[in-house]
There are 2 protein chains.
Amino acid sequence: MGTTQLESVQEPKYWHLKTVLSEALDSDFAVGEVLPNERDLAARFGVARATLRQALEQLELEGRLQRRRGVGTTVAPPRVGVAVATAQHGWSGDGDEAWQPVECTMAVAPAVVAAALDVEAGETVHVVRRIRMTHGQAVAAELLYVPASSVPELSAIEAASGPARARSVLRELHRLDLDGQDRSVELGSARADDAKELDRLPGAPVLVVTTRYLVARATAAVSVATYRADTCRLTFGDSGALEISHAEQERKAS
Amino acid sequence: MGTTQLESVQEPKYWHLKTVLSEALDSDFAVGEVLPNERDLAARFGVARATLRQALEQLELEGRLQRRRGVGTTVAPPRVGVAVATAQHGWSGDGDEAWQPVECTMAVAPAVVAAALDVEAGETVHVVRRIRMTHGQAVAAELLYVPASSVPELSAIEAASGPARARSVLRELHRLDLDGQDRSVELGSARADDAKELDRLPGAPVLVVTTRYLVARATAAVSVATYRADTCRLTFGDSGALEISHAEQERKAS
């Protein structure tokens, strides 16, 4: 985003091509339009295919292009702002239907999650799988790890797995008095199961959001959510759901 | 992060190799150790070089490997947690020396920043450049866009550019009564100038954090900060600087 006039820097060839291509995308192509094939593009801009490929990779990282199986490279729509902290002290998904419970099983949490939850190595926890939908598209896949001790009232006679079980666990979580939450965001690559849900290839770049939910000074649950990095811009606001583009619209409307 | 036992999924060859390599990194290599060259590695694991390269790219995305000019591929240390919102209502860099002012010029802001700041197209604003240091390493490069109207008391007789000018602009900003801030995080690629500061190649994956600082219901400044995606894990906490690994240490110490 943006350019700086602070100092001039030696730029590699693919970087210059990226800038030229980016301008061409603005002027000559519409959102969703399929780009010519690599050979034609390389010829059009008078560059080697390797250089072209590097420039296309940059534009994909920046969310300007999308590569889709069986379709080719298309011009991407602007990224969608997805509010990550909709409420400072709420469970994610509280009060909206964006997060759809898909499954719930008992499983051993990864070592780092088990450490955060302070459960014994090898101890199984509830693992709730949810998918976050925005404008009809899956933008995130989540595994929510909940130790049995966090939901002691959970009835054993209810559904043993599936969306109904997931809803039971979430209902019990919502009864807890949440102290707060902390969160980290880092770059990752999509696991095969997440990739399938998100309509990406395994290994596609994703933003991994890890959230600890704190109850009575202990970690009651840990969520590991994988957001599509190509289409999502994660937003965080002081005032709940406020985010840049929404605020802009309000400003313009007033 | 983690594995799921929820369903079995057909995994591509490079994905399986990635898992095997990841385990080998844990057991056979130390942090900072240089990996054997691609030919030897491909032979060792009995895979084609193209497959190996894909697996190495995955591990680089996940922060397990680093590719450095003139060094080769090395085993990366764990990512560093970098607190993004150190105070819910403070200017970033307030009260710590992590952000080092480097330069300050007058320049035209990119269109999207100009729109957020509500300045005319072509109007110049103060552009403060800062570098964020953690453990002696540059982890982020920032451009902070400040319209002249946000810092009306800024004296014209002070230094016209350079770190002294940057500090003057920041001093005036700190006098403002901040209502709040909102923030977005998205994947990007490093611009040439940022890449140089961050010791990366242009186009390397970065996490772009855009922050709007709100004063009297208007945007007083916009910061666009580029964090190294390979080494940084951005942390956000309810309680200021609280972050997962710190909290863990406190828990263990108590």
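Source: prediction; values computed, not measured.

Scoring rules and cut-offs
Residues numbered from 1 in each chain as written. Chains lettered and ligands numbered in written order. Predicted model: local features only at pLDDT ≥ 70, side-chain atom pairs only at ≥ 80, totals over all residues. Heavy atoms only, no water. Helix = DSSP H or I, 4+ residues; strand = E, 2+ residues; numbered from the N terminus. Pairing = 2+ DSSP bridges. Axes fitted to C-alpha atoms, helices over the stretch in contact; angles between N-to-C directions. Contact = heavy atoms within 4.5 Å. Polar contact = N/O pair within 3.5 Å; in protein donor to acceptor, adjacent residues only side chain to side chain. Domains from an automatic or database assignment. Salt bridge = Lys/Arg side-chain N within 4 Å of Asp/Glu carboxyl O. Core = buried A, V, L, I, M, F, W, Y, C linked by side-chain atoms within 4.5 Å. Buried < 20%, exposed > 50% of the residue type's maximum accessible area, 1.4 Å probe, protein only. Parallel < 35°, antiparallel > 145°, perpendicular 65-115°, else oblique. Left-handed = near helix turned anticlockwise from the far one by under 90°. Nonpolar A, V, L, I, M, F, W, Y, C, P; charged D, E, K, R; others polar. Phe/Tyr/Trp six-rings, centres within 6.5 Å; stacked < 30°, edge-to-face > 60°. Lys NZ or Arg CZ within 6 Å of the ring centre and 35° of its normal. pLDDT = per-residue confidence, 0-100.

A. Spatial organisation of unusual backbone geometry. Residues and elements named next belong to chain A. Although it is not a glycine, His 135 sits at a positive phi angle of roughly 50°. At Arg 217, a residue that is not glycine, the phi angle is positive and equals roughly 65°. Take Arg 217: it is sitting in the loop between strand S8 (205-215) and strand S9 (218-228).

B. Summary view of the sheet that holds strand S3 (residues 80-83) of chain A. The mixed open sheet is built from 8 strands, whose spatial order is S3(A)-S10(A)-S7(B)-S8(B)-S9(B)-S6(B)-S5(B)-S4(B). Edge strands, defined here as strands with exactly one partner in the open sheet, are S3 of chain A together with strand S4 (99-108) of chain B. Strand-to-strand twist across the sheet, computed as the mean angle between neighbouring axes with direction ignored, equals 25°. Where strand S10 (residues 232-237) of chain A lies against strand S7 (residues 180-189) of chain B, 4 bridges are found, and the strand directions are antiparallel. When the bridges of S7 of chain B are listed, Thr 235 of chain A appears paired with Ser 184 of chain B.

C. Main features of the environment of Glu 186 of chain B. Structurally, the position occupied by Glu 186 of chain B is in strand S7. Spatially, the C-alpha atoms of Glu 186 of chain B and Val 47 of chain B are 34 Å apart, while their sequence positions differ by 139 residues. Other than its neighbours up to four places away in sequence, Glu 186 of chain B contacts Arg 79, Leu 207, Cys 232 and Arg 233 of chain A together with Val 206, Leu 207 and Val 208 of chain B. Reaching out from Glu 186 of chain B, the side chain makes a polar contact with the side chain of Arg 79 of chain A at a distance of 2.8 Å.

D. Just the sheet that holds strand S3 (residues 80-83) of chain B, in detail. The 8 strands lie next to each other as S4(A)-S5(A)-S6(A)-S9(A)-S8(A)-S7(A)-S10(B)-S3(B), forming an open sheet whose pairing is mixed. Looking at strand neighbours, the two that pair on one side only are strand S4 (99-108) of chain A together with S3 of chain B, the edges of this open sheet. Put simply, the sheet's adjacent strands are angled 25° from each other on average, direction ignored. With 4 bridges joining them, S3 of chain B and strand S10 (residues 232-237) of chain B adopt parallel strand pairing. Across the sheet, residue Val 80 of chain B finds its bridge partner in S10 of chain B, namely Cys 232 of chain B. Its contacts with the sheet put helix H5 (residues 162-175) of chain A on S4, strand S5 (124-134), strand S6 (137-146) and S9 of chain A, and the angle it makes with S4 of chain A is roughly 90°.

E. Seen up close, the domain arrangement of chain A. Residue and element names in this part refer to chain A. Along its sequence, chain A is carved into domain 1 (13-76) and domain 2 (80-235). One C-alpha centre belongs to domain 1, the other to domain 2; they are set 35 Å apart. Across the boundary between the two partners, domain 1 contributes 5 residues, which contact 6 residues of domain 2. If you look at where domain 1 meets domain 2, you find 0 salt bridges. Where domain 1 touches domain 2, the interface holds 0 residue pairs in polar contact (both at pLDDT 80 or more).

F. Here's a closer look at the environment of Arg 212 of chain B. Residues and elements named next belong to chain B. The topology assignment puts Arg 212 in strand S8 (residues 205-215). When the C-alpha atoms of Arg 212 and Leu 144 are compared, they prove to be 9.9 Å apart, with 68 residues separating the residues in sequence. Among the polar contacts listed, one links the side chain of Arg 212 to the side chain of Thr 219, at a separation of 3.1 Å.

G. Main features of the nonpolar core. Core analysis: the largest hydrophobic core is formed by 32 residues, its most contacted members being Val 185, Tyr 227 and Leu 234 of chain A together with Val 185, Tyr 227 and Leu 234 of chain B. When sequence neighbours within four positions are dropped, the list of residues in contact with Val 185 of chain B reads Val 185, Leu 207, Arg 233, Leu 234 and Phe 236 of chain A together with Val 208, Val 209, Leu 234 and Phe 236 of chain B.

H. The arrangement of the side chain of Arg 183 of chain B in detail. Tracing the sequence through the fold places Arg 183 of chain B in strand S7. A distance of 3.3 Å separates a polar atom in the side chain of Arg 183 of chain B from a polar atom in the side chain of Thr 211 of chain B. Ignoring anything within four residues of it in the chain, the contact list for Arg 183 of chain B reads Leu 234, Thr 235 and Phe 236 of chain A together with Val 84, Ala 85, Val 209, Thr 210, Thr 211 and Phe 236 of chain B.

I. Main features of the pattern of salt bridges. Under the counting rule described, the total for this entry stands at 34 salt bridges over all chains. Linking Arg 200 of chain B and Asp 230 of chain B is a salt bridge whose minimum nitrogen-to-oxygen distance equals 3.3 Å. Here Asp 230 of chain B lies in the loop between strand S9 (218-228) and S10 and Arg 200 of chain B lies in the loop between helix H6 (192-197) and S8, a separation of 30 residues in the sequence. Overall, Arg 200 of chain B belongs to the buried group, its relative accessible area being 12%. A residue is classified by how much of its surface remains accessible, and Asp 230 of chain B, at 10% relative accessible area, is buried. Ionic contacts of the salt-bridge type, sharing partners, join the residues Arg 129, Arg 191, Asp 193, Asp 194 and Glu 197 of chain A into one network.

J. Looking closely at the packing of helix H1 (residues 13-28) of chain A against helix H3 (residues 49-61) of chain A. Residues and elements named next belong to chain A. Taken N-terminus to C-terminus, the directions of H1 and H3 make an angle of 60°; their axes are 8 Å apart at the nearest point. The pairing of H1 with H3 is recorded here as oblique in orientation. Handedness of the H1/H3 crossing: right-handed. In this structure, H1 contributes Lys 13, Tyr 14, Trp 15, Leu 17, Lys 18, Leu 21, Ser 22 and Leu 25 to the contact, and H3 contributes Thr 51, Leu 52, Gln 54, Ala 55, Leu 56, Gln 58 and Leu 59. Among the residues making up the contact of H1 with H3, the classes are represented as 9 nonpolar, 4 polar and 2 charged.

K. How the structure looks around the packing of aromatic side chains. Residues and elements named next belong to chain A. Under the criterion given, the structure shown has 3 aromatic pairs over all chains. Centroid distance Trp 99 to Tyr 227: 6.5 Å. Interplanar angle 85°. Geometry classified as edge-to-face. Of this pair, Trp 99 sits in strand S4 while Tyr 227 is found in strand S9, placing the two residues 128 residues apart along the sequence. Look at Tyr 227 and you get buried, because its relative accessible area is 3%. Positioned above the aromatic ring of Trp 15, the side-chain terminus of Lys 18 is 4.1 Å from the ring centre.

L. Just the confidence of the model for chain A, in detail. Residue and element names in this part refer to chain A. For chain A, the average pLDDT comes to 83, and 84% of its residues sit at 70 or higher. Low pLDDT (under 50) marks residues 1-9, which in the prediction has 23 contacts with non-local residues, meaning those over four places away or in another chain. Every residue in residues 239-254 scores below 50 in pLDDT, and together they form 21 contacts with partners more than four places removed in sequence or on other chains.

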